[in-house]
Amino acid sequence: MTRAQRMVAETIGTAFLLAAVVGSGIMGERLAGGNVAIALLANTLATGAVLVTLILTFGPISGAHFNPAVTLADAWQGGLAWGDVPGYLAAQLTGSFAGVAAAHLMFGEAIFSASRQARSGGAQLFSEFIATFGLLCVIWGCARMRSSAVPFAVGAYITGAYWFTASTSFANPAVTLARSASDTFAGIRPADAPGFIAAQLAGAAAATILFRWLVPSLPKDAGAVVVSHPSEQKAVYER
């Protein structure tokens, strides 16, 4: 794939991911009648399901990172050229804000609005460390022998992590920044975003270091989540 094709795939995929996160949050909150657990459940199921489909769709094109933490970890391990990293990050950030804007427009909200949803404190930051650590563990671990399972594993993990982490598992710096521009159910105060991002990057780094030791023969490419043909799968395993 050309660089342009990969950047477009990352942009569109990340946009749909944010549209799912924010849009399902708005819909869930409106229909739940004040029951936050039901709203969160709706938000969780929609996000997990859409994430699986997006990785399956865009994985063969760009690796379906949709996440700066994944992109940086992938480049660190040699799976992505460092020269491609700025383009991936720009695509992910652009897509994130585009997805938030699209969700807001679909539900009649202002295109952007600073969130007032407080998500601060040590428990929240530790939750984001754990959430992102677990996400990268899933990606690196499944990529070793069952790369075709990664879309389903990632979707399932995020679905579960919404509920077992106090922060509801943002686990993504681009998602965090974009959600700070959404004063809705899925939002986060702009002042709380830097701490979340630092915790996410630390969690991603810790998981990557761990799996370099646990599985030294791990394929370098964290984004190689969808392998179309057996010959390609064999090439991934032999890296």
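Residues numbered from 1 in each chain as written. Predicted model: local features only at pLDDT ≥ 70, side-chain atom pairs only at ≥ 80, totals over all residues. Heavy atoms only, no water.

A. Representation of the packing of helix 5 (residues 122-145) against helix 8 (residues 193-214). As a packed pair, helix 5 and helix 8 sit with axes 7 Å apart at the nearest point and diverge in direction by 35°. Helix 8 is crossed by helix 5, and the crossing has right-handed handedness. Contacts between helix 5 and helix 8 pair Gln124, Leu125, Glu128, Phe129, Thr132, Phe133, Leu136, Cys137, Trp140 and Gly141 from the former with Gly195, Phe196, Ala199, Gln200, Ala202, Gly203, Ala204, Ala206, Ala207, Thr208, Leu210 and Phe211 from the latter. Looking at the contact of helix 5 with helix 8 residue by residue, the class counts come to 14 nonpolar, 7 polar and 1 charged. (Axes fitted to C-alpha atoms, helices over the stretch in contact; angles between N-to-C directions. Helix = DSSP H or I, 4+ residues; strand = E, 2+ residues; numbered from the N terminus. Left-handed = near helix turned anticlockwise from the far one by under 90°. Contact = heavy atoms within 4.5 Å. Nonpolar A, V, L, I, M, F, W, Y, C, P; charged D, E, K, R; others polar.)

B. Geometry of a nonpolar patch on the surface. On the surface, a nonpolar cluster with roughly 390 Å² of combined accessible area is contributed by Ile38, Leu41, Leu45 and Trp163. Counting residues per element, the nonpolar patch draws most heavily on helix 2 (residues 36-62), which supplies 3 residues. Counting through the fold element by element, Trp163 comes out in helix 6 (residues 150-164). For Trp163, a relative accessible area of 43% translates into the label partly exposed. (Patch = residues over 30% accessible without salt bridge, like charges linked within 9 Å, V, L, I, M, F, W, Y side chains within 5 Å. Areas by Shrake-Rupley, 256 points an atom, 1.4 Å probe, with all protein chains shown as cover. Salt bridge = Lys/Arg side-chain N within 4 Å of Asp/Glu carboxyl O. Buried < 20%, exposed > 50% of the residue type's maximum accessible area, 1.4 Å probe, protein only.)

C. Quick peek at the side chain of Thr168. Within the secondary structure layout, Thr168 lies in the loop between helix 6 and helix 7 (173-179). When residues no more than four places from it in sequence are discounted, the contact partners of Thr168 are Leu40, Arg119, Ala161, Tyr162 and Arg179.

D. Region of interest: the pattern of salt bridges. According to the stated counting rule, one finds 5 salt bridges in the structure shown. Taking the shortest distance from any N to any O, the salt bridge between Arg30 and Glu109 comes out at 3.0 Å. Of this pair, Arg30 sits in helix 1 (residues 3-31) while Glu109 is found in the loop between helix 4 (85-106) and helix 5, placing the two residues 79 residues apart along the sequence. Each of Arg3, Arg6 and Asp84 takes part in a single network of salt bridges with overlapping partners.

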